[in-house]
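The residues making up each chain are set out below.
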Amino acid sequence: MDSTNLNLGTDEWVAAHAERSAGTPGPLDRARAAWEAVPLLVRVLLPVVLLALVPLAGSSYLTRVGVNLGLFALLALGLNIVVGYAGLLDLGYVAFYGFGAYTFAMLSSDKFGLHLPTLVTVPLAVVLTAAFGFLLSLPSRRLLGDYLAIVTLFFGQIFVEFAISGDSITLPGRSQSSDLTGGSDGISGVDRFSLLGLRFESDAYYYYLLLALVLLLTLAIYRVDRSRVGRAWRALGQDALAAEAMTIPVNRLKILAFVVGAGIAGLSGAIFAAVQRGVFPSSFDLPLLILVYAAVILGGSGSLAGALLGAALMSLLPEALRQPAYGEWLFFVLLCLAAVAVVRRARPLLLVAVGTVVVGFVMNAVLLAAGVQGLPAADWTQGLLSRGMGRWLFVPVDRLHWGNAAFVLLVVLLAVASRIRPAVRIALLPVLLWLATFVWFVRLSPEPSLTRQLLIGALLVVLMIVRPEGLLGRKQVEVL
Amino acid sequence: MEQFAQQLVNGLTLGGVYALIALGYTLIYGVLQLLNFAHGEVYMVGAFLGYFVMTGLGGPAAPVVPVWLMIVLMFLVAMIGSGLLGVAVEQFAYRPLRNSARIAPLISALGVSLFLQNAVLLLFGSQVRSYDTPRYWPATGAPELAGVRISPVRILVVALALVLMLALVQLVNRSRFGRGMRAVAFDRDAALMMGIDVNKVVVLVFFVASALAGAAGVMVGLVFFNVYSYMGFLAGLKGFTAAVVGGIGSIPGAMLGGFLIGLVESFTTVYISSNFASVLSFLVLILVMLVKPRGLLGKAAIVKV
Amino acid sequence: MPVQDGEGARAEALALRAVSKSFGGLTSVDALDLTVGEREVVSVIGPNGAGKTTLFNLITGVYRPDSGQILLAGEDVAGLAPSEVTRRGIARTFQNVRLFHNMSVVDNVLAAMYGGTRTGLFAAALGLRSARREEREARARAEELLSFFGTRLMGYRWDQPAYSLSYANRRRLEIARAMATGARVLLLDEPAAGMNPKETHEIADVIGRLRAEKGYTIVVIEHDMHVVEGVSDRVVALDHGVKIAEGGFEEVALNPQVVEAYLGRGTAGTK
């Protein structure tokens, strides 16, 4: 190769450094490039138009899913500011969601006989939640990230406990206990929204409201990200000491991030209360918090689009899991993705696929020979796969014990596989794939909520190890 | 007065448990600057292991070995099992993140905590298991002190907790491993350069910390009987709080914090309301954070720019 | 408040009076007096551990002095938060470059303009005209600042993440960032560290130009005596937190106490 043609060291060559060092673009990078090639206006309008059509499809289930997605997206956007921009690990974030919901419920229901107009209660809920966030952030000011995590985690717990035992609180100056929060039964009979004379009769109204709010908030955050405050947040997330030395009042900005995040959560909470027509303490506990965190981290902490994508995934996937048919497809898609991620090249992939099929039939034979009783395919799968799968996968009658044993074995093997040489790992893959399918159909698919938690937990660990910047985040470089 | 003394005993028992959990947190934080959220789950697994040993040996009604042996075995299996689990978690979920940003192991720890909790739920179901201690260790013949009956179980628990703590202090201050531990806690890179096998130290620290948590799990089972998959979260949180209140990274701090939180909880439960036990512990945490951000016995860090 | 004595001396930009700081039992800075006049370039030298960076940390508010005053244009800034001190007119660079590495070159500079700008959260979110105007002005100022360093930090480099810059460019960017804070006094902590002779020469040039063209008052910590010789109006030598010499370069460099501090006892007699 003639080196004079390489233009080494010239500005253009240096400028192309980022492209070169990115190496062979992986499928995700190619997807991103393709996406970014589409004109901005289309990129923004297309999803909006599609989303706007959802309630018109006539399925109230779908509309409700959309509403939940909207609520969740608001939460993700808010948490993204707290964690992604300012780098504050607030593990009590859903307490703000709950606070907004309860505030709305207390002001717009039969609980205290107050039925204040929506245009009063919602802003009030937002402001009060933000103020609440401010109060919480004050003692946390001097805390390092780790300490803040503990304090906020504890706080989130306190909130739920208070909500549960708030039906018999002895207020100072009263002899009898008061019922503030309705205890574990919560507050029901919460009013519907009524904006400017328009009563929100069905989920569709909330859907469009949320769609508008998510869009507006996204636009606002987009602008802030590119402005003075957004830069200051990112700077303090990068190096708080240096930021402080460069005129940025770090503590004040942390509090600001906290308060903004709280306000957004409060807004979402207020709408949630109206949609549900009630609030219950169990809605605001740890599982939801982890779901929101998973959404932000999976999407890419600090990335606006990432927060939205993560919210979509974390909101829709559990729905998919709930329907066994969708759950099955989802599982297979994930399995294939995992296989592709490990193997990468076409020919070995084919071998692995064949190997998996072989392992299946072999295990089938072994289990039958050992006298284990099996279930007919129709009992454990409703999908189109039942016919084919029935021959390949063996589901013992005693699902519990076999499932448990297989689960433990799978976890152990996965752990081992993460530490062995790639070549050996690929050889082990067919066994792992079959075992995963076995565990799924035998033990996990009948228990969607538990499975969801397991998968999220595993996802968080794997994500941090393999791709900490999430799907749409930018890889953060640490210069030492 | 009787009530006071009774709560004192309860508080000390609970405090001993929290102190053991807090010690685990503090040890791991000291060495890796990591808040091991999964620690509470390790404690829970320890409780389960103790339970399974008990049922395996015939159960509360008809143990096949003498009671004292059964209890010894429960502790041994729980401590070793929990210790190994802790090491496994470190190896697979934290080690690959040793040089990543601070937030990465924290998120990973959250994930591990979630996974472990639900794995136990999957494998063993949501029904509450009971150690049913009075069945094989009746509280009759309990010694009396200031008009308060102190059951032998509680005496054992407090005594064992103190013994373990003492052993730990000896380990940290007198042994070679302890020296290595302190060196790594002080400056990991320097320790590495001085020929200390940092990885081995970390593995051992995790084992010890998790073993202590496992012991705490069995203790809780013996004293409070109930064992279930969610018990790790709340106990972990309290243990955390205790470690932070005492000064994270400080061993005497963890012990002080543990007993303090235990006493606060016991007294609050009785004198105010059981609903507010957690709230008060939280307020203690906030108060300490405001007045002494490094914890009661923590050392102020000097920022080197 | 400008101080003028009969010889028409410069106004005092920065003055330390009897500043002391100890960490535990270790005295890092011991009753230090230091004056820097406007548009002066003063170099602070001394062996490692002499307290030079601690001095910078004290001035910029990272540490609070145990005693003494730190006067910036006559006003005592001791004990103020670092962001406040910088806002009052002193900015620094760090011994180990502490840029916002995952932010772009221009964002690094813009971020430091926080103290001098006013666009709040809501103004930005609503896209108000005042916000957009301020942003435009800030970018123009950033361009002006970065162009001070020639083409090195200009053009396509603007949007590149700071970590992708060469080491020398990163040091330059740190100086540009300090300038962006609007400060009039710059504290440069080993600006030539790790640079080759050509880059070292350029940095010395930059320091000279900062004073001559932009009117900055500059305090430099340096180990490279070529730089010290080339840029300083005055040199201050520290050892164990105490000022052991002050004056012109030749005077200080030949001072036996200074030689001893650097090279050890017994070498004071040699040149």
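Residues numbered from 1 in each chain as written. Chains lettered and ligands numbered in written order. Predicted model: local features only at pLDDT ≥ 70, side-chain atom pairs only at ≥ 80, totals over all residues. Heavy atoms only, no water.

Peer 1: Quick question: what am I supposed to make of the overall build of chain B here?
Peer 2: Each helix and strand counted, chain B has twelve helices and four strands in total. For 305 residues, the compact-globule estimate of 2.2 N^0.38 gives 19 Å, and chain B sits close to it at 19 Å. Principal-axis analysis of the C-alpha atoms gives chain B an extent of 60 × 40 × 35 Å. Residue burial in chain B is summarised as follows: out of 305 residues, 57% are buried. Partitioning the contacts of chain B with sequence separation of at least 6, the portion at a separation of at least 24 is 79%. The averaged location of the 9 negative side-chain charges in chain B is 8 Å from the averaged location of its 18 positive side-chain charges. (Helix = DSSP H or I, 4+ residues; strand = E, 2+ residues; numbered from the N terminus. Rg over C-alpha atoms; globule rule 2.2 N^0.38 Å. Buried < 20%, exposed > 50% of the residue type's maximum accessible area, 1.4 Å probe, protein only. Contact = heavy atoms within 4.5 Å. Lys, Arg positive; Asp, Glu negative; His and termini not counted. Charge placed at Lys NZ, Arg CZ, Asp CG, Glu CD.)

Peer 1: Teacher, can you tell me more about the packing of aromatic side chains here?
Peer 2: For any pair of aromatic rings, the description rests on two quantities: the centre-to-centre distance and the angle between the ring planes. Scanning the entire structure with this criterion turns up 36 aromatic pairs over all chains. Ring centres of Phe200 of chain A and Tyr205 of chain A lie 5.5 Å apart, and the angle between their planes is 35°; this geometry places the pair in the tilted category. Residue Tyr205 of chain A is classed as partly exposed on the basis of its relative accessible area of 30%. Measuring from centroid to centroid gives 5.9 Å for Tyr94 of chain B and Phe206 of chain B, while their planes differ by 45°, and the two rings are tilted. On the criterion of sequence distance, the pair formed by Tyr94 of chain B in helix α3 (residues 67-94) and Phe206 of chain B in helix α9 (residues 198-224) is long-range, its members being 112 residues apart. With a relative accessible area of 1%, Phe206 of chain B lands in the buried category. Put simply, the rings of Tyr93, Phe96, Phe99, Phe132, Phe154, Phe155 and Phe258 of chain A together with Phe282 of chain B pair up and form one aromatic cluster. The ring centre of Phe94 of chain C lies 5.6 Å from the NZ or CZ of Arg98 of chain C, which sits over that ring. Directly above the ring of Tyr216 of chain C sits Arg184 of chain C, whose terminal nitrogen or CZ lies 4.7 Å from the centroid. (Phe/Tyr/Trp six-rings, centres within 6.5 Å; stacked < 30°, edge-to-face > 60°. Lys NZ or Arg CZ within 6 Å of the ring centre and 35° of its normal.)

Peer 1: So what exactly am I meant to see when it comes to the nonpolar core here?
Peer 2: Inside soluble globular proteins, nonpolar side chains tend to come together where they are buried. Ranked by size, the top nonpolar core spans 256 residues in total, and within it Trp233 and Ile271 of chain A carry the most contacts. What Ile271 of chain A contacts, discounting residues up to four positions off in sequence, is Leu71, Leu74, Phe193, Tyr206, Leu209, Leu210 and Leu213 of chain A. The next biggest cluster of nonpolar side chains, apart from the first, holds 42 residues, and it includes Leu321, Leu367 and Leu444 of chain A together with Phe115 of chain B. (Core = buried A, V, L, I, M, F, W, Y, C linked by side-chain atoms within 4.5 Å.)

Peer 1: Is there a simple way to think about helix α19 (residues 399-417) of chain A in this case?
Peer 2: Quick reminder: α-helices carry 3.6 residues per turn. Residues three or four places apart thus point the same way. End to end, α19 of chain A covers 25 Å across 19 residues, agreeing with the expected 27 Å (1.5 Å per residue, within 8%). In this structure, the buried residues of α19 of chain A make contact with α20 (422-444) and α21 (448-466) of chain A together with α3 and α4 (103-124) of chain B. (Expected span 1.5 Å × (residues − 1).)

Peer 1: Can you help me understand the sheet that holds strand β10 (residues 242-247) of chain C in this one?
Peer 2: What links the strands of a sheet is backbone hydrogen bonding, and the strands pair in either a parallel or an antiparallel sense. Residues and elements named next belong to chain C. Taken together, the six strands give an open sheet; going across it, the order is β6-β7-β8-β3-β9-β10, and neighbouring strands pair in mixed fashion. The open sheet terminates on both sides in strands that have one partner only, identified here as β6 (90-92) and β10. Between one strand axis and the next, the sheet turns through 20° on average, direction left out of account. Across five bridges, the pairing between strand β7 (residues 185-189) and strand β8 (residues 217-221) is parallel. (Pairing = 2+ DSSP bridges. Axes fitted to C-alpha atoms, helices over the stretch in contact; angles between N-to-C directions.)

Peer 1: I'm lost on the sheet that holds strand β1 (residues 12-23) of chain C in this one. Help?
Peer 2: Residue and element names in this part refer to chain C. On the basis of which strands lie adjacent, the open sheet formed by four strands has the order β2-β1-β4-β5 and antiparallel pairing. Across the chains shown, the open sheet's two edge strands, defined by having one partner strand only, are β2 (26-37) and β5 (75-76). Note: strand β4 (residues 67-72) against β5, two bridges, orientation antiparallel. Following the sheet pairing, Leu72 is matched in β5 by Glu75.

Peer 1: How should empty space enclosed by the protein be read in this particular structure?
Peer 2: It is the rolling of a water-molecule-sized probe over the atoms that shows where space remains empty. Residues and elements named next belong to chain A. On inspection of all chains with the given rule, the structure shows one cavity of 30 Å³ or more. Estimates place the volume of the largest cavity at around 60 Å³. Lining the largest cavity are 13 residues; nearest its centre among them are Leu91, Gly156, Gln157, Asp285 and Leu286. Put simply, the parts of the chain that give the lining of the largest cavity at least two residues each are α6 (93-107), α8 (145-165) and α13 (286-299). With four residues, α8 is the single largest residue contributor to the lining of the largest cavity. Tallied by class, residues from the lining of the largest cavity come to nine nonpolar, three polar and one charged. (1 Å grid on protein atoms, 1.4 Å probe; cavity = no way out; pocket = protein on both sides within 12 Å on 5 of 7 lines; lining within 4 Å. Points joined across faces, edges and corners; volume = space filled by probe spheres on them. Nonpolar A, V, L, I, M, F, W, Y, C, P; charged D, E, K, R; others polar.)

Without other data, these values stay purely geometric and don't point to any function.
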